[in-house]
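Observations on the three-dimensional arrangement
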Amino acid sequence: MLNLNIDEFMLELKDGALKNVGPANKSAEAKLFDVASAEARAFGDKRVKLVFEDDEGNEVQVALFPDDASQVARDIEALEDDSPVFE
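Below or above, wherever it landed, is the structure these notes cover.

With respect to the side chain of Ser-83
Turning to its location among the elements, Ser-83 is positioned in the segment after α1 (66-82). Here Val-85 takes part through its backbone nitrogen, which lies 3.1 Å from a polar atom of the side chain of Ser-83.

See the structure below:
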């Protein structure tokens, strides 16, 4: 299930084209639940891309710099050691 929360968002639909209207103060949050597949791969020369997909074909991609990707890996290792989630 893909959940999108978009604040201060307005579009204009005219002649089949979408156009952003209003100020540029928009923000968004995306959440993907019930992930069926997850993978990490190189993205260009300087990033790591994490790709998550559910059974409905919804996909979220996140490109991280190597330091950030390493921190995520350390966070997961800490959870494996300390959290009942991995029991």
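Text resumes after the structure shown.
Brief notes about the side chain of Asp-54
On the secondary structure map, Asp-54 appears in strand β6 (residues 47-54). The buried charged residue Asp-54 lacks any salt bridge, with Lys-31 as its nearest oppositely charged partner at 15 Å. At 2.9 Å, the side chain of Asp-54 forms a polar contact with the backbone nitrogen of Met-1. Polar side-chain contacts of Asp-54 include one of 3.0 Å to the backbone nitrogen of Glu-56. Ignoring sequence-local partners within four residues, the contact set of Asp-54 consists of Met-1, Leu-2, Leu-32, Phe-33, Asp-34, Val-35 and Ala-36.

Digging into the layout of surface pockets
One number sums up the size of the largest pocket: a volume of about 180 Å³. In terms of lining, the largest pocket is formed by Ala-40, Leu-50, Leu-64, Ala-69, Val-72, Ala-73 and Ile-76. Considered class by class, the residues forming the lining of the largest pocket number seven nonpolar, no polar and no charged.

Things to note about the pairing of β6
With eight bridges connecting them, strand β5 (residues 35-43) and β6 associate as antiparallel partners. When the bridges of β6 are listed, Val-35 appears paired with Asp-54. Between β5 and β6, which follow one another and run antiparallel, lie three residues, and Gly-44 among them has a positive phi close to 70°. Hairpin connection between β6 and strand β7 (residues 59-64): a loop of four residues separates the two successive antiparallel strands, and Gly-57 in this loop has a positive phi of roughly 90°.

Things to note about the pattern of salt bridges
On inspection of all chains with the given rule, the structure shows two salt bridges. We note a salt bridge from Lys-31 to Glu-29, for which the minimum N-O separation is 3.3 Å. A relative accessible area of 40% means that Glu-29 is categorised as partly exposed. The shortest N-O distance in the salt bridge between Glu-39 and Arg-41 comes to 3.0 Å. Glu-39 gets classed as partly exposed once you look at its relative accessible area, which sits at 42%. Of the residues examined, Arg-41 reaches a relative accessible area of 35% and is grouped as partly exposed.

The rules behind each value
- Residues numbered from 1 in each chain as written.
- Predicted model: local features only at pLDDT ≥ 70, side-chain atom pairs only at ≥ 80, totals over all residues.
- Heavy atoms only, no water.
- Helix = DSSP H or I, 4+ residues; strand = E, 2+ residues; numbered from the N terminus.
- Polar contact = N/O pair within 3.5 Å; in protein donor to acceptor, adjacent residues only side chain to side chain.
- Buried < 20%, exposed > 50% of the residue type's maximum accessible area, 1.4 Å probe, protein only.
- Lys, Arg positive; Asp, Glu negative; His and termini not counted.
- Salt bridge = Lys/Arg side-chain N within 4 Å of Asp/Glu carboxyl O.
- Contact = heavy atoms within 4.5 Å.
- 1 Å grid on protein atoms, 1.4 Å probe; cavity = no way out; pocket = protein on both sides within 12 Å on 5 of 7 lines; lining within 4 Å.
- Points joined across faces, edges and corners; volume = space filled by probe spheres on them.
- Nonpolar A, V, L, I, M, F, W, Y, C, P; charged D, E, K, R; others polar.
- Pairing = 2+ DSSP bridges.

Just distances and angles here, no functional claims.
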